[in-house]
Amino acid sequence: MTYEERQAWSELWEALFGEPPSIEADAALTARILVDCLPPAPPYEFTSRTE
């Protein structure tokens, strides 16, 4: 994982949990925790645009 990727993970973690991660974790484990804890994204709606 690059430095920039690690920074992005840390910022996302801090935004979700209110504090930076206490340790540097495996990227796959961090991703799983974030995905499990993030609220679901609203469903996308496709509308046809007729002009």
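An account of the accompanying structure is given in this report. Keep in mind that this is a model prediction, so the values were computed, not measured.

A short note on the overall build of the protein chain
Then comes step 1: Across its full length, the protein chain carries 2 helices and 0 strands.
Then comes step 2: Across the 51 residues of the protein chain, 6% fall into the buried class.
Then comes step 3: Summed over all atoms, the accessible surface of the protein chain reaches about 4,800 Å², with 57% contributed by carbon and sulfur.

Comments concerning the pattern of salt bridges
Then comes step 1: Counted by the stated rule, this structure contains 1 salt bridge.
Then comes step 2: Salt-bridge contacts for aspartate 36 lead to arginine 32; the nearest nitrogen and oxygen are separated by 2.9 Å. Of this pair, aspartate 36 and arginine 32 both sit in helix H2 (residues 27-37), 4 residues apart, roughly one helical turn.
Then comes step 3: For aspartate 36, a relative accessible area of 54% gives the class exposed.

What about the environment of leucine 34?
Then comes step 1: Tracing the sequence through the fold places leucine 34 in helix H2.
Then comes step 2: In this structure the C-alpha to C-alpha distance between leucine 34 and leucine 16, which are 18 residues apart in sequence, comes to 8.0 Å.
Then comes step 3: Contacts of leucine 34, omitting those with residues within four sequence positions, involve Trp9, Leu12, Trp13, Leu16 and Phe17.

Remarks on the packing of helix H1 (residues 3-17) against H2
Then comes step 1: Where H1 meets H2, the closest approach of the two axes is 11 Å, and the angle between their N-to-C directions is 30°. Regarding the angle of H1 to H2, the classification is roughly parallel. In the packing of H1 onto H2, the handedness of the crossing is left-handed. Between H1 and H2, the residues in contact are Trp9, Leu12, Trp13, Leu16 and Phe17 and Ala27, Thr30, Ala31, Ile33, Leu34 and Cys37, respectively.
Then comes step 2: For the contact of H1 with H2, a count of residues per class yields 10 nonpolar, 1 polar and no charged.

Regarding the packing of aromatic side chains
Then comes step 1: Throughout the structure, instances matching the rule amount to 1 aromatic pair.
Then comes step 2: Between tryptophan 13 and phenylalanine 17, the aromatic rings sit 4.6 Å apart at their centres with planes inclined by 50°, giving tilted as the arrangement. One end of the pair is tryptophan 13 and the other is phenylalanine 17, both in helix H1 and 4 residues apart, which spans about a single turn.
Then comes step 3: When its relative accessible area of 17% is taken as the criterion, tryptophan 13 is described as buried.
Then comes step 4: A relative accessible area of 35% means that phenylalanine 17 is categorised as partly exposed.

Criteria and cut-off values
- Residues numbered from 1 in each chain as written.
- Predicted model: local features only at pLDDT ≥ 70, side-chain atom pairs only at ≥ 80, totals over all residues.
- Heavy atoms only, no water.
- Helix = DSSP H or I, 4+ residues; strand = E, 2+ residues; numbered from the N terminus.
- Buried < 20%, exposed > 50% of the residue type's maximum accessible area, 1.4 Å probe, protein only.
- Areas by Shrake-Rupley, 256 points an atom, 1.4 Å probe, with all protein chains shown as cover.
- Salt bridge = Lys/Arg side-chain N within 4 Å of Asp/Glu carboxyl O.
- Contact = heavy atoms within 4.5 Å.
- Axes fitted to C-alpha atoms, helices over the stretch in contact; angles between N-to-C directions.
- Parallel < 35°, antiparallel > 145°, perpendicular 65-115°, else oblique.
- Left-handed = near helix turned anticlockwise from the far one by under 90°.
- Nonpolar A, V, L, I, M, F, W, Y, C, P; charged D, E, K, R; others polar.
- Phe/Tyr/Trp six-rings, centres within 6.5 Å; stacked < 30°, edge-to-face > 60°.

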